[in-house]
Amino acid sequence: MSAASFNTLPEAVRALARADFGEVAARFEQAGFRVRLPAKGILSVKSAVSDAARASVLLSVGVHGDETGPIEMAAYALDALSRTPDALAVDLMLCVGSVDAIAVGKRFIDADLNRMFRLQRGDLAGTFEAGRADTIIAATRDFFEGTGPRRWHLDLHTAIRGSRYPKFAIVPQLIAEEARTELIAWLGLAGIEAVIMNPASAGTYSYWSAEQHGGAASTVELGRIGTLGQNDLSQFSEAADALAGLLRGVPQSGGKAPLVFDTAQSITKLSDGFRMSFGRETENFTPLKKGDVIATDGATVYTVQHDEEYVVFPNPDVRVGLRAGIMVVRVD
Ligand code: ZN
């Protein structure tokens, strides 16, 4: 975005987009919290006295630099909370993922940051985002170290393409049942209409938190992508309210239970010969019938196995070796 339009943004949003936590950090510090700024774009606020019963909540936004809506939402949430700091009832880490990509209005610098959270990065290893992921991984480990068992990670995104369910979330299957149930109930409260259970990591930040730190973690798609300062924040209002309640420890109930989907198959791009039957503009949750060809890749043919499967995140343009889409089926 241009320098002129950046300067017209509300101060709280501008500060967060610049990874400047100065003012909010000072407010929490003055209220007696342990405040740390372990790296650019990362703030952690912990209670002065360690308490295993206290939940820890990691909130990440801007992992994709062009998904600005959640950055605005988080900026307002943090600003409001910092004005009544004693209301903070959890240990909180806020991570603005791709600060450098946000600064230049791009999705990423070299490669998708949300594919870097894995031990083997292959040809992604030398990218700018691999270094950023290492920084985030270290800060995440430090944040969860020594905290109690109630660990949350909400990684907030907005989608590029349309979706039959505009608000949906990916939840790692490996999260312990009780925590998973609580997480899905909260997602319903936040206005999430559909939840996809994911059995295997695609290198995402939320899966990393679930796998490495036992977090109740989710990649949450909150609606359509927009320009910083011009997002329709009304589409995030339920999520903003649910988040405010979570951070303040307010007992929450209500919300509509999301529809639950299982991952039927993950479509991996094996070679440059990969051809998908539809493009990346295809709506999420578009239904396909049994036998329909999803993609071909040399001798490999991906077809629909169940009576009906829905395609999510179709993207034939990913790098070889990465996930080009997920096929999901209704559980209930
Ligand atoms: Zn995203």
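For clarity, every value in this text was computed on a predicted model and none was experimentally measured.

S.K.: Can you walk me through the layout of surface pockets in this structure?
M.R.: Rolled over the atoms, a probe sized like a water molecule indicates the empty space that remains. Approximately 560 Å³ is the volume attributed to the largest pocket. Counting residues per element, the lining of the largest pocket draws most heavily on strand β5 (residues 151-159), which supplies three residues. In terms of residue class, the lining of the largest pocket is made up of nine nonpolar, nine polar and 11 charged. Composition of the lining of the largest pocket by domain shows at least three residues from each of domain 1 (3-248) and domain 2 (259-330). If you add up the space inside the second largest pocket, you get close to 320 Å³. As for the second largest pocket, its lining consists of 18 residues, of which R150, E182, L246, V250 and Q252 are closest to the centre. Among the secondary structure elements, those contributing two or more residues to the lining of the second largest pocket are α7 (177-189) and α9 (237-248). Top contributing element to the lining of the second largest pocket by residue count: α7, with four residues. Considered class by class, the residues forming the lining of the second largest pocket number 11 nonpolar, five polar and two charged.

S.K.: Got a minute to help me understand the coordination of the zinc ion in this structure?
M.R.: For a metal with four tetrahedral donors the ideal donor-metal-donor angle is 109.5 degrees, whereas six octahedral donors ideally subtend 90 or 180 degrees. Donor atoms from the polypeptide that bind the zinc ion are H64 (ND1), E67 (OE), E67 (OE) and H157 (ND1), placed at 2.0 to 2.3 Å. The site at the zinc ion holds four donor atoms, and with the angles between them running 58 to 145 degrees, its shape is irregular. One chain supplies every donor to the zinc ion, and in sequence these donors are spaced H-x2-E-x89-H. Residue H64 is found in the loop between β3 (56-61) and α4 (69-83), and its partner H157 is found in strand β5; the two are separated by 93 residues along the sequence. With relative accessibility at 6%, the residue H64 sits in the buried group.

S.K.: Help me understand the domain arrangement of the protein chain in this model?
M.R.: Interface size is often expressed as the accessible area that is lost when the parts come together. Along its sequence, the protein chain is organised into domain 1 (3-248) and domain 2 (259-330). For domain 1 and domain 2, the distance between their C-alpha centres works out to 27 Å. On the side of domain 2, 21 residues touch domain 1, which itself brings 25 residues to the contact. Counting across the interface, domain 1 meets domain 2 through zero salt bridges.

S.K.: Help me out: how do you make sense of the sheet that holds strand β14 (residues 308-312) in this one?
M.R.: Remark on secondary structure: sheet strands pair via backbone hydrogen bonds, oriented parallel or antiparallel. The strand order across the open sheet built from 12 strands is β1-β2-β4-β3-β5-β8-β6-β7-β9-β15-β14-β11, with neighbouring strands paired in mixed fashion. What marks the edges here is a single partner per strand, and that holds for β1 (34-39) and β11 (286-289). Adjacent strand axes in the sheet meet at a mean angle of 25 degrees when their direction is disregarded. For β14 and strand β15 (residues 323-330), the ladder comprises three bridges, and the chain directions are antiparallel. Paired with Y310 across the bridge in β15 is V328.

How each quantity is defined
Residues numbered from 1 in each chain as written. Predicted model: local features only at pLDDT ≥ 70, side-chain atom pairs only at ≥ 80, totals over all residues. Heavy atoms only, no water. 1 Å grid on protein atoms, 1.4 Å probe; cavity = no way out; pocket = protein on both sides within 12 Å on 5 of 7 lines; lining within 4 Å. Points joined across faces, edges and corners; volume = space filled by probe spheres on them. Helix = DSSP H or I, 4+ residues; strand = E, 2+ residues; numbered from the N terminus. Nonpolar A, V, L, I, M, F, W, Y, C, P; charged D, E, K, R; others polar. Domains from an automatic or database assignment. Donors = N, O, S within 2.8 Å, 3.2 Å for Na, K, Ca; no water. Tetrahedral: all angles 85-135°; square planar, octahedral: opposite > 155°, others 65-115°. Buried < 20%, exposed > 50% of the residue type's maximum accessible area, 1.4 Å probe, protein only. Contact = heavy atoms within 4.5 Å. Salt bridge = Lys/Arg side-chain N within 4 Å of Asp/Glu carboxyl O. Pairing = 2+ DSSP bridges. Axes fitted to C-alpha atoms, helices over the stretch in contact; angles between N-to-C directions.

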